[in-house]
Amino acid sequence: MMKKLRGRNLAHPGCLIGITAGMTIGIVLAEILAAVFHIALNTVLLTWLGLTLGLGVIGWIIGDRLTSRFPPLEEDVQSSSPPGPPGL
């Protein structure tokens, strides 16, 4: 699967991973803040939104920086004969 991503911009997959992690961690953190510490709903929602967007941006930046480390692979060069049935 990583071979398919080589040579492509990895910012989008990085952002997807960051958003997914932010949603998961944010929901758990929001539940803890609301249930244990009795924090107002507005504060809990802003914390969840900030965590989600922040991790998405961090994932985007990391993915963009990793793009240069995975250059495209060179394709194997086969014989110079055109493709087709042999012997024609």
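Residues numbered from 1 in each chain as written. Predicted model: local features only at pLDDT ≥ 70, side-chain atom pairs only at ≥ 80, totals over all residues. Heavy atoms only, no water.

**Describing the side chain of Thr52**
Along the polypeptide, Thr52 turns up in helix 3 (residues 41-66). Thr52 has contacts with Gly18, Ile19, Gly22 and Met23, leaving out every residue within four places of it along the chain. (Helix = DSSP H or I, 4+ residues; strand = E, 2+ residues; numbered from the N terminus. Contact = heavy atoms within 4.5 Å.)

**Quick notes on the environment of Ile17**
Along the polypeptide, Ile17 turns up in helix 2 (residues 11-35). Look at Ile17 and you get exposed, because its relative accessible area is 59%. Distance in space between the C-alpha atoms of Ile17 and Gly63 is 9.7 Å, their sequence separation being 46 residues. (Buried < 20%, exposed > 50% of the residue type's maximum accessible area, 1.4 Å probe, protein only.)

**Thoughts on unusual backbone geometry**
In terms of backbone geometry, most residues other than glycine have negative phi values and most peptide bonds are trans. Backbone geometry places His38, a non-glycine residue, at a positive phi of 50°. Tracing the chain through its elements places His38 in the loop between helix 2 and helix 3. A relative accessible area of 67% means that His38 is categorised as exposed.

**A few points about the environment of Arg69**
Among the structural elements, Arg69 can be located in the segment after helix 3. By relative accessible area, which is 65% here, Arg69 ends up exposed. Separated by 63 residues in sequence, Arg69 and Arg6 have C-alpha atoms that sit 9.0 Å apart.

**A closer look at the environment of His12**
With respect to the secondary-structure elements, His12 resides in helix 2. Separated by 44 residues in sequence, His12 and Gly56 have C-alpha atoms that sit 9.6 Å apart.

**Points about the pattern of salt bridges**
With the rule as written, the count across this model stands at one salt bridge. Of the charged contacts, one joins Arg65 and Asp64 as a salt bridge, the two residues approaching to 3.5 Å between their closest N and O atoms. (Salt bridge = Lys/Arg side-chain N within 4 Å of Asp/Glu carboxyl O.)

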